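Chains, contacts and geometry: an overview
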Amino acid sequence: MIFKHIDEVGYTPDIDCYLRHGGYEILKNAVTRKPEELIDQVKKSGLRGRGGAGFPCGVKWGLVDRKSGKPIYLIVNADESEPGTFKDRYIIHQDPHQLIEGTMISCFANNVKQAYIYIRGEFPIGARILEQAIAEARRHNFVGPNILGTGYGCEIYVHRGAGAYICGEETGLIESLEGKRAYPRIKPPYFPAVLGLYQCPTIVNNVETLCHVKHIVEIGGEAYSKIGTPNNTGTRILCVSGHVRKPGYYEYEVGKITLGQLLYDVCGGPLPGRTFKAIIPGGSSAKVLKVGERYKGKRKVGAEMVDYDWGIEDVPMDFDSLAMIGSMGGSGGVIVMDDSVNMVEALANINAFYSHESCGQCTPCREGSLWMKKITSRMVYEEARAEDGALLKSVADQIAGRTICAFGEACSWPTQSFIAKFGDEFKGYSETKKQPKVPDSLELI
Amino acid sequence: MNLKPETLARIDEVIPHYASKRSATLPLLHLIQEDVGWISKEAIEWVAAKLELQPINVYEVVTFYPMFRQKPIGRRHIKVCRTLSCALMGGYKTCETFEKEFDTKMGEVSPDGEVTVEFVECLASCGTAPVVMIDDELHENVDSAKAKHLCGQIKAEASQRKT
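Along each chain, the written sequence defines residue order, and numbers are assigned to residues from 1. Chain labels run from A onward and ligand labels from 1 onward, assigned in the order the entries are written. Totals for whole chains, interfaces and linings use every residue, but because this is a predicted model, local features are given only for residues with pLDDT of at least 70 and side-chain atom pairs only at 80 or more, for both listing and counting.

To continue, consider the overall build of chain B. Along the backbone of chain B there are seven helices and four strands. Sequence-ordered secondary structure for chain B, helices as α and strands as β, is α-α-α-α-β-α-α-β-β-β-α. For chain B, the spread of C-alpha atoms along the three principal axes comes to 50 × 40 × 25 Å. Across the 163 residues of chain B, 40% fall into the buried class. Contacts spanning at least 24 positions in sequence make up 58% of the contacts within chain B whose residues lie at least 6 apart. Working definition: helices are DSSP H or I runs of at least four residues, strands are E runs of at least two. Numbering for both runs from the N terminus. Counting other C-beta atoms within 10 Å of each residue's C-beta, where C-beta atoms are placed from the backbone, gives the exposure class: buried for 20 or more, exposed for 12 or fewer, partly exposed between. Note on contacts: residues are paired as contacts if their backbone-placed C-beta atoms lie within 7 Å.

Okay, structure coming up:
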């Protein structure tokens, strides 16, 4: 659905190509309908946000304060920066008009007069493509002061970030768009739906989410909700990276494919002579899954509760199943590690990322993420002690839940889950280091 | 500040995009860095005056965002992704190759002034790891051999320029 034209030979990012493929027809139809009806379709669709949290899009729109008399802003979160995630890149670079059409429909539905696309600084060419696409759409009257002669006007501008991961957090993103350091705001009171950009009601949606809105308005919320599985509707783009034969992006109905099917059938299984060891299923913040572990419990199927007993390969790739087994679907980034990977070194790599990206506002996160990095780096480069695992866990436990934004959890979960599942490797790391080094062995830190 | 006329035109174009002038801080810093190559103290003061802010308001932004640099870099900027998916596919070796080829250390300008090699965090192209950005352009599946090839291209351009 979303990736229909991605990598299609002859499909170009210009508006002529998009129009030839039926582009902007849905916007033309949408502006003849009532905004409330469009919001209702999105609510009925059950669409959950594709940025990471999986929050229902219709509910998000429903929370917007429409009585304040202040303008409502919409911000496209194109700050794709969760390690392991690379889906929005292809939408932006290859099919920018799909995003612009989805955005304009969403703006019309929510009576938004000004939208911004906050794109990460590392996509300079993507930013230029989007600016060009917006200019083309403006010439065709799909963006601007009088869209398709309806009297409704909405402008879109592209705003570039500058290399800070925290700008993906919606309130940090808003601060950044206001020209400040991207320090996330505390909720309450700063729920974007009420006090967002310039203290006005603001909607922040992920790129992929807004593309889905276009398809929902096309086929209707009810029909869309039948795609995928209950409470996990629609399709989603799964990004697979690391140690598989065929890494890449794959769009599937949510929950209709298991992790095993994805890794073995779609991605061709492990590299020659290797076996899978650990999978991070939803971007590097998601808790790691250990190959061989089993997940048991009860889950809802229709109106009934049924027992489940899954191996890692049986887990359906949807929001609820991954949450049930103690991880998350997050941003859809699946990172695969095979038996060549030492988990202490992999965690050292992840911790270096989070300590670099902590915004520094809350003490537990600023200090804790740095100390976790220092400990894992010391283990690799200097002395590793048997009690380091316990020490790491105690630092991580003191961050999660004690910070303004979810970065606290994002930086703790890798450490907590690596220690819980691969604790023996941490205990035995000083012995591991005494083994002769295999030439050309993998460097992770 | 000695900015190109087109930079000044873009600056005047971008400021009214926002309800508050302060919002134009990041766009202005990007435009200046693209023009001049780095953000000087003079540039910080110039942006502050332009947007009716205190210099500290701009300085704190420059120091927060990794992409803004306060010193000049080599002619080409080589950014190697360091994060997990790229590291799993050999990103550290890729970075080492660039350093060796230009006889330089991470974050420093190479002795010939041609490049600055840096590690950066996730570039969001994990499926084609390891990835490298050279200035604005992304290069995918950059193993050591491809890294050497890219270095060769940069060196060839450099010697062509000199002749």
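So, about the packing of helix H14 (residues 363-381) of chain A against helix H16 (residues 407-427) of chain A. All names here are of chain A. Lines fitted to C-alpha atoms define the axes here, with helix axes fitted over just the stretch in contact, and angles between the N-to-C directions of these axes take values from 0 to 180 degrees. Their axes nearest at 10 Å, the elements H14 and H16 cross at an angle of 25°. Viewed along their axes, H14 and H16 adopt a mutual orientation that is roughly parallel. Read as a crossing pair, H14 and H16 show a hand that is left-handed. Contacts between H14 and H16 involve Pro-364, Cys-365, Ser-369 and Met-372 on the former and, on the latter, Phe-407, Gly-408, Cys-411 and Thr-415. Split by residue class, the contact of H14 with H16 holds five nonpolar, three polar and no charged. Roughly parallel covers angles under 35 degrees, roughly antiparallel covers those over 145, roughly perpendicular covers 65 to 115, and oblique covers all other angles. Handedness of a crossing follows from how the near helix is turned relative to the far one, being left-handed for an anticlockwise turn of less than a right angle and right-handed for a clockwise one. Lys, Arg, Asp and Glu make up the charged group, whereas Ala, Val, Leu, Ile, Met, Phe, Trp, Tyr, Cys and Pro make up the nonpolar group; the residues left over, Gly among them, are polar.

How big an interface is tends to be expressed through the accessible area that disappears when the partners come together. The domains assigned to chain B are domain 1 (5-64) and domain 2 (76-162). Taking only C-alpha atoms, the centre of domain 1 of chain B and the centre of domain 2 of chain B are 29 Å apart. Domain delimitation follows an automatic or database domain assignment.

Let us look at the interface of chain B and chain A. Across the boundary between the two partners, chain B contributes 34 residues, which contact 46 residues of chain A. The set of elements that each furnish at least two residues to the side of chain B that touches chain A consists of helix H2 (25-36), helix H4 (55-64), helix H5 (84-88) and helix H6 (91-101) of chain B. Considered class by class, the residues forming the side of chain B that touches chain A number 20 nonpolar, nine polar and five charged.

Sheet strands pair by backbone hydrogen bonding; their relative direction is either parallel or antiparallel. The rule for pairing is simple: two strands pair if DSSP sees at least two bridges between them. Spatial strand order, S8-S7-S13-S9-S10 (chain A): five strands in an open sheet with mixed pairing. Edge strands, defined here as strands with exactly one partner in the open sheet, are strand S8 (248-253) and strand S10 (289-290) of chain A.

Residue and element names in this part refer to chain A. Split into domains, chain A comes out as domain 1 (15-226), domain 2 (229-338) and domain 3 (343-434). Taking only C-alpha atoms into account, the centre of domain 1 sits 28 Å from that of domain 2. With 19 residues of domain 1 at the interface, the matching set in domain 2 holds 20 residues. Grouping the constituent residues of the side of domain 1 that touches domain 2 by class yields five nonpolar, nine polar and five charged.

Glancing now at the nonpolar core. Residue and element names in this part refer to chain A. By definition, a nonpolar core groups buried Ala, Val, Leu, Ile, Met, Phe, Trp, Tyr and Cys residues that are joined through C-beta atoms within 7 Å. Ranked by size, the top nonpolar core spans 178 residues in total, and within it Ile-75, Ile-105 and Tyr-118 carry the most contacts. Counting residues per element, this core draws most heavily on helix H13 (residues 343-357), which supplies nine residues. In this structure Ile-105 touches Ile-26, Leu-27, Ala-30, Leu-38, Val-213, Lys-214 and Val-217, once residues within four positions along its chain are discounted.

Bringing the sheet that holds strand S2 (residues 114-119) of chain A into the picture now. All names here are of chain A. Read across the open sheet, the four strands follow the order S3-S2-S1-S4; overall the sheet is parallel. Two strands lie at the open edges of the sheet, namely strand S3 (155-160) and strand S4 (202-206), each paired on one side alone. Strand-to-strand, the axes of this sheet are offset by a mean angle of 20°, without reference to chain direction. Sheet topology note: the strand S1 (residues 73-78)/S2 ladder contains six bridges and is parallel. Residue pairing across strands places Ile-75 opposite Tyr-116, the latter belonging to S2. Against the sheet, helix H6 (residues 96-109) makes contact with S1, S2, S3 and S4, and its axis sits at roughly 150° relative to S1, the strand it touches most.

Where the model shows low pLDDT, its predicted coordinates should not be examined in detail. Values of pLDDT, which run from 0 to 100, indicate the predictor's confidence residue by residue. The predicted model of chain B averages 97 in pLDDT, with 100% of residues at 70 or higher. For this predicted complex, the interface score ipTM comes out at 0.97, alongside a pTM of 0.97.

Attention shifts here to the environment of Tyr-65 of chain B. Considering the arrangement of structural elements, one finds Tyr-65 of chain B in the loop between H4 and strand S1 (76-81). In the structure, Tyr-65 of chain B is positioned 34 residues away from Leu-31 of chain B in sequence and 15 Å away in space, judged by C-alpha atoms. If sequence neighbours within four positions are ignored, Tyr-65 of chain B has contacts with Ala-162, Gly-163 and Ala-164 of chain A.

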